[in-house]
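The primary structure of each chain is shown beneath.
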Amino acid sequence: MELKNAAVKEFVSSLSESERVSQLFLVNIEGNREFIPVETTACIYDDRVKNEPLLAGGCLFFSYNIASSKSQIKDFVSSINSFYIKNNKIPPFLALDQEGGYVNRLRGITENFPSAKYIADNLTIDEAASLYERQAKAVRELGFTMNLAPVVEVETEENADFLDTRSFGNLEKVLSYAGAEIKAFENSGTGTVLKHFPGNTNTDPHTGLPEIRVSSEKLENELAAPFKSLLPLSSAVLMSHARITLSDQGSKAYKIPEGEEKIPSCLSSYWVTDVLRNKFGFEGLILSDDIFMGALQDNGFPPEDAAVQAVEAGIDVIMLSEKRFGSVAKILLEKAHLSREFSEKINRAAERVIWFKISKGLLTLEKNGLPSQKTKTEGYIVKVSEGL
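To keep things clear, this report deals only with the structure shown in the data block. Here the structure is a predicted model, which is why all the values come from computation and not from measurement.

Inspection of helix H9 (residues 216-223) places Ser216, Leu219 and Leu223 among the buried residues, and these make up the whole buried set. All buried residues of H9 lie within an arc of 100° about the axis, which places them on one face of the element. Packed against the buried residues of H9 are strand S8 (211-214), helix H10 (225-230), strand S10 (243-246) and helix H11 (269-279).

Below is the structure:
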C-alpha cells in the first residue's frame, strides 16, 4: 500500500496547479447532448499562460442535464469523458442526486423509484435491497460514478418538515434501509454520499442558516449515530450548513470548541477534521454542500471566503451549483502561494479525489517496473482507465 500511496502522491504533484486545484470542485455543466466547457485557465492566470479548458474534477447533473433517453444520456457522458481525455485532463466523476421520491434526476429513465420514507414504511429489507440493486445497476450503466444519496439523518420534530419524505425515519430504519442502499450502489461501482452531516433543522439551507441546539446525549445517540455507523460502508459524506450548539456539556465524546458554534458545519475544522477524520476515522471524500446556497451567502460567508474556509477545515470537494468555478479556484491558488500548509491541504484533498476515481474505475494503478521517486523501489503509475 505504501508504494500505491507514493504513486498517487507523485501523480498529484506532477499535475499543473490549475489541474490539481480543479480536482477539488464539483460543478454543474451545460446542456445534455454534447459537452461544452465554459471556462479556460485564462480566468486564473489573466492570459499569462497557455489558454486551455478549465475542467472540474467532478460534474454535477441536474434534471436539465438528463436527456430524454438512455442512449442520449450515454452519448452525453461519452462526450464528457472524450473531451477531458482529448485535452489530457483527468476524467471527472459524474454525480447526480438519485434519492428517490421527488429528488429523482432519472425520473422516466429508470423504473419507478419511491422516496426513502415510502420504502422504509412499505417494503421489507429484501424488497428494498432488490430495488436498490436495480437502481444502482441502471445508474452505473448510464455512466454515473457518484450518487449524492442517501439521506441518513434520523427524522425528528426539528427536521421533519424540511426533510419530508427524504428520511427513512427512526435510527433503526435508517441503519437498515440506508445500509442496503449504500451496499447496492457501492457494489455497482457508484459511490454513495451520506447526507447531511451532522444534521438539519426545518430551516431550508437554500434560504437560511439552520441553527441546531441539541443536548450532548441527543447529538451522540441521534444526530451522529447513523453517520458513525454507516460511514465505513460509504465512499463519501456531504456536510450540512447547520451551526451546532450544545445545550449542555455532559458528553465527553463531543466538546465543541469556543467559537465553532458560530461556524457552519461545512466550514468547521471541528466537524470536518476533529470528528469525521479523527474521531470517526473516515478516510473517504468529505464534500461541502453547495457554497452558493443562501445559508452561507446571506450570513457572512460569500462563496470565495467559504471555499478557503472549507479547504482549511479539511473539505476535499467543494460543491457549486454554478457552472463556473475559476474565480474561486484562483483565490484558492493565491492562498496556496502564501501558505505551504494550505497548499498541502489542497494536495491531500486532490489525492483523496484521485483515490476515489481509482476506486470507481476512472483511473487505474499499474505496476510500472520503474523505481518510485520517493521510495526508490519498483512502484506504480496512475493511468486513465481504458474504455472511458
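And the narrative resumes.
So, about the pattern of salt bridges. Counted by the stated rule, this structure contains 18 salt bridges. Among the ionic pairs, Asp316 bridges to Arg352, the shortest N-O distance being 2.9 Å. Taken together, the positions of Asp316 in the loop between helix H13 (303-313) and strand S12 (318-320) and Arg352 in helix H15 (residues 340-359) put the pair 36 residues apart, joining distant regions of the chain. Accessibility expressed as a relative area gives 0% for Asp316, which makes it buried. Its salt-bridge partner being Lys383, residue Glu366 comes within 3.5 Å of it at the nearest N-O pair. One end of the pair, Glu366, is in strand S13 (residues 363-371); the other, Lys383, is in strand S14 (residues 378-384), and 17 residues separate them in sequence. With a relative accessible area of 34%, Glu366 lands in the partly exposed category.

With that settled, the discussion passes to the nonpolar core. Phe25, Phe61, Phe144, Trp271 and Leu332 are the most contacted members of the largest nonpolar core, which has 108 residues in total. Examining the composition of this core, we find that seven residues originate from one element, helix H8 (residues 171-188), more than from any other. Beyond its immediate sequence surroundings of up to four residues, Leu332 is in contact with Val21, Phe25, Ala307, Val308, Val311, Ile318, Phe342 and Ile346. Within the second largest apolar cluster, 17 residues are counted, among which are Val193, Ala236, Val353 and Phe356.

So, about the environment of Ala160. Here Ala160 lies in helix H7 (residues 160-163). We classify Ala160 as partly exposed; its relative accessible area is 23%. Measuring from C-alpha to C-alpha, the distance between Ala160 and Phe83 comes to 43 Å, with 77 residues separating the pair along the chain. If near-sequence neighbours (up to four positions away) are discounted, Ala160 is found in contact with Glu155 and Asn202.

This next bit is on the packing of aromatic side chains. For the structure shown, the criterion picks out 14 aromatic pairs. With a centroid separation of 5.7 Å and 65° between ring planes, the pair formed by Phe61 and Phe76 is classed as edge-to-face. Here the residue Phe61 occupies a position in strand S2 (residues 58-61), and Phe76 occupies one in helix H4 (residues 70-86), the gap between them amounting to 15 residues. One exposure class covers both Phe61 and Phe76, and it is buried. Relative to Phe280, the ring of Phe197 lies with its centre 6.0 Å away and its plane at 70°, an arrangement referred to as edge-to-face. Of this pair, Phe197 sits in strand S7 (residues 191-197) while Phe280 sits in the loop between H11 and strand S11 (285-287), placing them 83 residues apart in sequence. Each of the two residues, Phe197 as well as Phe280, counts as buried. Aromatic rings pair up to connect Phe197, Phe227, Tyr254, Tyr270, Trp271 and Phe280 into one cluster.

Moving on, we get to the pairing of S2. Because side chains alternate across S2, one face comprises the buried residues Gly58 and Leu60, and the other comprises Cys59 and Phe61, equally buried. As judged from the three bridges shared by strand S1 (residues 25-28) and S2, these two strands associate in the parallel manner. Its bridge partner lying in S2, Asn28 is registered against Leu60. In terms of strand pairing, S2 meets strand S3 (residues 93-96) through four bridges, oriented parallel. When the sheet's bridge partners are listed, Cys59 is paired in S3 with Leu94.

Two numbers describe how helix H1 (residues 2-14) lies on H15: the axes approach to 9 Å, and their chain directions differ by 115°. H15 is crossed by H1, and the crossing has right-handed handedness. Taking contact as the criterion, the partners of Lys4, Asn5, Val8, Lys9, Phe11 and Val12 in H1 are, on H15, Asn347, Ala350, Glu351, Ile354, Trp355 and Ile358. Within the contact of H1 with H15, the residues separate by chemical class into seven nonpolar, two polar and three charged.

Conventions used here
- Residues numbered from 1 in each chain as written.
- Predicted model: local features only at pLDDT ≥ 70, side-chain atom pairs only at ≥ 80, totals over all residues.
- Heavy atoms only, no water.
- Buried < 20%, exposed > 50% of the residue type's maximum accessible area, 1.4 Å probe, protein only.
- Helix = DSSP H or I, 4+ residues; strand = E, 2+ residues; numbered from the N terminus.
- Arc of directions from axis to C-beta.
- Contact = heavy atoms within 4.5 Å.
- Salt bridge = Lys/Arg side-chain N within 4 Å of Asp/Glu carboxyl O.
- Core = buried A, V, L, I, M, F, W, Y, C linked by side-chain atoms within 4.5 Å.
- Phe/Tyr/Trp six-rings, centres within 6.5 Å; stacked < 30°, edge-to-face > 60°.
- Pairing = 2+ DSSP bridges.
- Axes fitted to C-alpha atoms, helices over the stretch in contact; angles between N-to-C directions.
- Left-handed = near helix turned anticlockwise from the far one by under 90°.
- Nonpolar A, V, L, I, M, F, W, Y, C, P; charged D, E, K, R; others polar.

Just geometry here; none of it tells us what the structure is for.
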